[in-house]
Structure formats: structure tokens, C-alpha cells
Protein chains: 2
Amino acid sequence: MIVKTPSPPYYTVIFSSVRTSVDHGYSEMNDKLFDLITRQEGFLGAESAREEIGITVSYWKDLESIRKWKENAEHKMAQAKGKSEWYRSYKVRIAKVETDYGFEK
Amino acid sequence: MIVKTPSPPYYTVIFSSVRTSVDHGYSEMNDKLFDLITRQEGFLGAESAREEIGITVSYWKDLESIRKWKENAEHKMAQAKGKSEWYRSYKVRIAKVETDYGFEK
């Protein structure tokens, strides 16, 4: 569930979104994209939750891997549908993880 | 809902957690901490959602503001209770936001 990322530095993409009420293939596309992203070069894992707001945090080896994922053809189609149908608003933030620590029972 | 952050660079703390089934004042502490954090110097806002995993992403002006929040006395008490009671596991990642972009209908 919580991604076992390597020691920093690595990169993260924080995708925060508010949905419309339109479904139109959203769940199918979500599943498909998840399947695709796990096969991307440099992908380290992702964590996701949605209540009023949806947050998906993905982790990446470097900026080049993130750039390639952004340009992936199927992902681009999803981005277009996201704007026209699924999302009322979203924000993408790309950040370099400098420190991390955790706790496990 | 989605935080209106200033132009990068700014910092983010990604707090990913899995809860125990223990409540014991969790909601009250959550509300209290939210009230406290909004009055912290350098705090820019936070986004939060919980399903199987909980994700809280807070945004900060700089690392010094994050350090001070980590050392805040009431926050430290909450951290201790978090370990002993509320969380099965968590991970904190501190990252520098280098790029962002968004979309709004």
C-alpha cells in the first residue's frame, strides 16, 4: 500500500483532482492506465485515495521517466478525456524527494 | 479544495499512512492539528484524502517552516500517539516542487 521507495533523491508527481459527475469509461481508463504506468521505465510505485478531493502520488527514478510517461500516447488520450469529461479541476506538481522516513508496527 | 500554491519552487510534505482500528481521540486531534497547522509560519495549504491508504499533502514556503512544524510541541505529542495508537504504518516524504500546472473548468 505505502510504496517502498529507494533512498532519496527520487521524484514524485502529485496529481490532485476534483471530479465531475461524468463517468463515461473513467474506471476502465483508470485501470488501464494503472496497468500501463506500472510498466513504465523508472516508475517506482503510486499511492492513491479519493474523498472530496482525489490525490494520486506517483514516484519516479528521474525527470526523464516522468516526461516519457506524460508523452505516452494512451496517457495523452486520457489527459484529453480528463479535461473534456472527468475533471472539474486538477493540479499536477512535480517535486524532488530530498528526505524520507517512516514507521511500521 | 485544491490548494492555490504560489509559483515554484516551494516545498511539500507527503504523509502516507495506514490506520489501526483504534480511534481514541484521533478525530479530535486531527481537527486540532489542522487548526494549528494553518497558523504555522510558511504554511501554504494542505490536501487530504483517505481510503485504504490516507494521503495528506501539505505545502510550505521553505524547509525551515517544515522543520519548525515537525518540532511543534502539540504536533510532537500527536506524533507519539500516532505511533503508539493510530497508525499501523506511515511514511513522510519531503520534496521540493520544481514545476506545476493545472486545469480548471
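About the thresholds
Residues numbered from 1 in each chain as written. Chains lettered and ligands numbered in written order. Predicted model: local features only at pLDDT ≥ 70, side-chain atom pairs only at ≥ 80, totals over all residues. Heavy atoms only, no water. Core = buried A, V, L, I, M, F, W, Y, C linked by side-chain atoms within 4.5 Å. Buried < 20%, exposed > 50% of the residue type's maximum accessible area, 1.4 Å probe, protein only. Helix = DSSP H or I, 4+ residues; strand = E, 2+ residues; numbered from the N terminus. Contact = heavy atoms within 4.5 Å. Pairing = 2+ DSSP bridges. Axes fitted to C-alpha atoms, helices over the stretch in contact; angles between N-to-C directions. Patch = residues over 30% accessible without salt bridge, like charges linked within 9 Å, V, L, I, M, F, W, Y side chains within 5 Å. Areas by Shrake-Rupley, 256 points an atom, 1.4 Å probe, with all protein chains shown as cover. Salt bridge = Lys/Arg side-chain N within 4 Å of Asp/Glu carboxyl O. Lys, Arg positive; Asp, Glu negative; His and termini not counted. Charge placed at Lys NZ, Arg CZ, Asp CG, Glu CD.

What exactly am I supposed to notice about the nonpolar core here?
Side chains that are nonpolar tend, in soluble globular proteins, to be buried together. Ranked by size, the top nonpolar core spans 24 residues in total, and within it Ile 14, Ile 55 and Val 57 of chain A together with Ile 14, Ile 55 and Val 57 of chain B carry the most contacts. Elements with a contribution of two residues or more to this core: β1 (10–19), β3 (54–60) and β4 (87–104) of chain A together with β1 (10–19), β3 (54–60) and β4 (87–104) of chain B. Excluding residues that lie within four positions of it along the chain, Ile 14 of chain B makes contacts with Thr 12, Ile 14, Val 57 and Tyr 59 of chain A together with Ile 55, Thr 56, Val 57, Lys 91, Val 92 and Arg 93 of chain B.

When you look at the sheet that holds β4 of chain A in this model, what are you seeing that I'm missing?
Either a parallel or an antiparallel arrangement is found when strands of a sheet pair, and the pairing is made through backbone hydrogen bonds. Ordered by their spatial adjacency, 8 strands build an open sheet running β2(A)-β3(A)-β1(A)-β4(A)-β4(B)-β1(B)-β3(B)-β2(B), and the pairing between neighbours is antiparallel. Edge positions in the sheet fall to β2 (43–50) of chain A together with β2 (43–50) of chain B, since each has one partner strand and no second. Averaged over neighbouring strand pairs, the angle between their axes works out to 25 degrees when direction is ignored. The sheet contact formed by β2 of chain B and β3 of chain B spans 7 bridges and is antiparallel. By the bridge assignment, Phe 43 of chain B is partnered in β3 of chain B with Trp 60 of chain B. Sheet strands in contact with helix α3 (residues 73–86) of chain A are β1 and β4 of chain A together with β4 of chain B, and its direction is about 120 degrees off that of β4 of chain A.

When you look at unusual backbone geometry in this model, what are you seeing that I'm missing?
Most peptide bonds are trans, and most residues other than glycine sit at a negative phi. All names here are of chain A. In this structure, the amide linkage connecting Pro 8 to the following residue, Pro 9, adopts the cis form with an omega of 5 degrees. Here the phi dihedral of His 24 falls at roughly 35 degrees; this positive angle occurs in a residue that is not glycine. Among the structural elements, His 24 can be located in the loop between β1 and α1 (26–37).

Hey, could you run me through a negative patch on the surface in this one?
Negative charge collects at one region of the surface, where Glu 51 and Glu 52 of chain A together with Glu 51 and Glu 52 of chain B lie side by side. Among the structural elements, Glu 51 of chain A can be located in the loop between β2 and β3.

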